[in-house]
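Structure at a glance
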Amino acid sequence: MSTAVTGRRTPQRRSPITRAAGRRSPAGPPPGRRGKATAGPGAGSASLPVRALKGLVLLLCCAVVLVPFIAVVATSLADKDQVSNAGGFVLWPSHPTVGAYRAVLSGGVVTRALFVSLGITLVGTFLALACTTLLAYALSRPGSFASKPLLLMVLFTLMFSPGIIPNYLVVKELGLLNSYWSLIVPVMINGFNVIVVRSFFMDLPQDVLDSARIDGAGEFRVLTRIVLPLSKPVLAVVGLFYAVGFWNSFFTAMLYINDTAKWPLQLVLRTYVVNNAPLGADNISSLGTTPPPQQSLQMAILVISLVPILLVYPFLQRHFSKGVMVGAVKG
Amino acid sequence: MASQTGPSRRTFLAAGSAVAAGAAVPLLSSCSTSSATKDTSASDAKAELPTYAPVTAVRPDLPASPQGSMPGYFSYPRNPKPAFPTPPLEGLDEVSIIYPTYSAVPPKPGNNAFWQRLNKGAGADLKITLATGGDYPTKFQTLIAGGDLPDIAGFPVPTPDQPQVMSRLFADLGPYLSGDAAKEFPYLANIPTASWKTAVANGTIYAVPQPRALPSNPLFARVDLIQQLGANPEPKSYQEFLQLMKDVTDPKKSRWAFADVWGMVTHLQMMLGAPNVWDNSTGTFTSTWADERTKQALGMVRDMVKQGLFHPDAASATAQFTPLREYFTSGRTVMTSDGYAAWDIFGQQIGYDKVTAMVEPKHDGGGDARHFGGTGSQGLTVIRKGLGEKKTRALVNLLNWLCAPIGTQEHLYRKFGVEGTDFTWKDGMPTLTAKGSRELVDVQYITDAPTILGPGQKATVTTQHAWHTRVTAGLLPNPAVGRYSDTNSRKGSQLKKITDDAQLDIAFGRQPLSHWDDVVKQWRSTGGDKMAAEYSRSTA
């Protein structure tokens, strides 16, 4: 990648340096840390019972995490009788059926909401990353215009966040009510993420950037050709933060979106899963009330809402472990 | 309102009112002078409620009792007649409505036959904005602050500064509904007087209630298990009740008597004859928490827990409906406390023959205890101010239309939608199809006809009717229903948390019983005494 930076004037000087830096930096943390990791816990020294015990503890820990997931998936596949006999959750469906999924997806409401959520997440994450990177880069360059006051302003948003109603009024005055943009624009730049990205940028070797400049690259070219390729870990992490945020947001949608056809998946999910909790006692009248959705239905929609965002994790996993650390600790 | 009995406490917890109120209260209160209007409740007692004029579109199979229990129906009338010659909103293009929903969201009107039918019946486009029930107070207060009020809105209770908010933003419905004026809206006049009490503010009517039955939560029992174990399904005193609990409990078979601490305290309060939330027999309001019998009930629950009669997860289950219902339907608890409509939820799930509601006996025997009354309504619906006489009248008529009772075509369409698409006739009953239950727009949370028993199986409805008639005969009302306390609207949930937490602490032995005295003291100084004073003043 770094070879692509080639300006036209001084090919011979720049390439070895940038290449070297380009190779090393994406490899991530300095070699010292890696060495420590491999020399890590219990390399061959422990006796058999200790190892067995460790295995058992790890197994237990895994079970604690996995069993609820299995229960959710199994319940979504179980039939009604089994669920009511088991009193809510089953661990293994005896007569697996996709009836719950069919019921959830057939109305069109959930499918539509799923696409709304996907759209908001994709567009939102892209815009949020773009804006965050630009801001963070500007703030990371010493001497850029008003960087100090701007940085303080970003920090300020970390300490003080506006209440629900001021937010609502801003969205309303911007004319964004009942628009998908109301879910994206107000949360497009997150102060914390800006700080993380900025400190990552500041950590990049200054020499590389300088050499690019000597080669005649402008700020924008430096950003897109040098800085961004070197910052993949932090971009992956921050991108994931944003994506999960957009994917999970229901509260803003509840406030700003009046048209139920524009509701994102999480809000629809809420009407299925959480909402019948307050539906107790005084609220219900018997005639013409739809019964609370069956457990399997609830779990099916839970699975539907989990899977897309879950699919992203494995691809970002390797960046995830180092990205936050690299950016944040050296701030 | 202060009229909450056992169940609705949880509703408030679930409403997460902390976030909602926290953000919205300062704004709301800043635009009103709360001190000047503290005594509005005094005039509320003088408000003239709609003259009650019962409407019977079809004769019930079991009559309503004079004390106000619900009529029962064994079947749904097959060919109901239309009750409205012209649609209530004729001449209007659209009406915007917002209300809390408790069901899954329906598809938009474009591909929703049910909704289209509603629009057609109403005579205008119903622009409905839904908000999930738990989030509704937040949504509502945000709308108020933003000034984006729809024509018709559900009014969350409690809302701080309720009288001021109502008088500033919402239409005074007194001219349309007070006294005999209500005759013009026969189905609103069909709502019993007791259910109108909460709709009053500033000495006039500001809202239309959603009527509900009068009794608070029944004590449900798994009669099949009780009989199978040879226990006594109809205890005549506290001793017999305790014996029943012991007889059905068998931890080895994962079966316990009860799981809901707050519910049990309430039912024991009934047995002991404690006041229903408040007592004003002396002319001043005193709280049931300060009553000696409440402490006694707490001690009894504490003993029950000690004897292992409560489900081991009772401490966490007490705050929620779902686990309590699951325990009960799966037979892990033999009794539970829930809203009266849960009878049908249980019945449909496990069979009506397995569920019954008990009548609490007096503690020392000698007849039925007085069951506590609830609010008689749930939720209020208000109309925006300044829409002009003509539109306001049309909107009141829309609410009237939404209250058309069983036996009218409006009722059938409103509850079941389009025949063939949304419902089919099964055993003489309109039954929602899968499409129907997806498309259903639960406008019953705007307002509804007074609730009825059934229509359903003769045996079932007869049993339910018998329980309701027997309990309603000796119902102990909560004197605070229909009175406004400013402190309650602001600190209600905070105060409730004090007593709620303490009940659990004491029941599970984390605190001694004597701790209750301190709790009551704390409750009174935090706002309980002020609430009592405000209610007392409003009786004047």
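The structure presented is a predicted model; accordingly, all values stated were derived computationally and were not measured.

Moving on, we come to the domain arrangement of chain B. All names here are of chain B. Domain parsing of chain B yields domain 1 (40-215 + 377-454 + 468-473) and domain 2 (219-370 + 485-539). Each of domain 1 and domain 2 has a C-alpha centre, and these two points are 31 Å apart. For the side of domain 1 that touches domain 2, the elements supplying multiple residues, two or more each, are helix H3 (40-44) and helix H20 (458-473). Sort the elements by how many residues they give to the side of domain 1 that touches domain 2 and H3 lands first, with 3 residues. The residue makeup of the side of domain 1 that touches domain 2, split by class, is 7 nonpolar, 3 polar and 2 charged.

Here the focus is the environment of Thr86 of chain B. Residue and element names in this part refer to chain B. Residue placement: Thr86 occurs in the loop between H3 and strand E1 (94-101). On the neighbour-count criterion, Thr86 (9 C-beta atoms within 10 Å) is exposed. It is 36 Å that separates the C-alpha atoms of Thr86 and Gly374, two residues lying 288 residues apart in sequence.

Moving on: the packing of helix H7 (residues 147-159) of chain A against helix H10 (residues 191-203) of chain A. Residue and element names in this part refer to chain A. With their axes 8 Å apart at the nearest point, H7 and H10 run at an angle of 135° to one another. By the criterion of interaxial angle, the relationship of H7 to H10 is oblique. Facing H7, whose interface residues are Val154, Leu155, Thr157 and Leu158, H10 presents Gly191, Phe192, Val194 and Ile195. For the contact of H7 with H10, the per-class residue count stands at 6 nonpolar, 2 polar and no charged.

Before going further, it helps to spend a moment on the environment of Asn190 of chain A. Here Asn190 of chain A is to be found in the loop between helix H9 (181-184) and H10. Separated by 48 residues in the primary sequence, Asn190 of chain A and Val238 of chain A have C-alpha atoms spaced 9.8 Å apart.

When the parts come together, some accessible area is lost, and that loss is often what is quoted as the size of the interface. All names here are of chain A. Along its sequence, chain A is carved into domain 1 (46-97) and domain 2 (98-276 + 293-331). One C-alpha centre belongs to domain 1, the other to domain 2; they are set 32 Å apart. The set of elements that each furnish at least two residues to the side of domain 1 that touches domain 2 consists of helix H3 (48-77) and helix H4 (80-86). Among the elements that make up the side of domain 1 that touches domain 2, the one with the highest residue count is H3 (5 residues). Residues that form the side of domain 1 that touches domain 2 fall into these classes: 5 nonpolar, 4 polar and 1 charged.

Residue and element names in this part refer to chain B. Where helix H12 (residues 261-272) contacts helix H21 (residues 486-507), the axes come no closer than 10 Å and their chain directions differ by 90°. On the basis of their axis angle, the class for H12 and H21 is roughly perpendicular. Contacts from Val261, Trp262 and Val265 of H12 reach H21 at Asp500, Gln503, Leu504 and Ala507. Tallied by class, residues from the contact of H12 with H21 come to 5 nonpolar, 1 polar and 1 charged.

What counts, and where the lines are drawn
- Residues numbered from 1 in each chain as written.
- Chains lettered and ligands numbered in written order.
- Predicted model: local features only at pLDDT ≥ 70, side-chain atom pairs only at ≥ 80, totals over all residues.
- Domains from an automatic or database assignment.
- Helix = DSSP H or I, 4+ residues; strand = E, 2+ residues; numbered from the N terminus.
- Nonpolar A, V, L, I, M, F, W, Y, C, P; charged D, E, K, R; others polar.
- Buried ≥ 20, exposed ≤ 12 C-beta atoms within 10 Å, placed from the backbone.
- Axes fitted to C-alpha atoms, helices over the stretch in contact; angles between N-to-C directions.
- Parallel < 35°, antiparallel > 145°, perpendicular 65-115°, else oblique.
- Contact = placed C-beta atoms within 7 Å.

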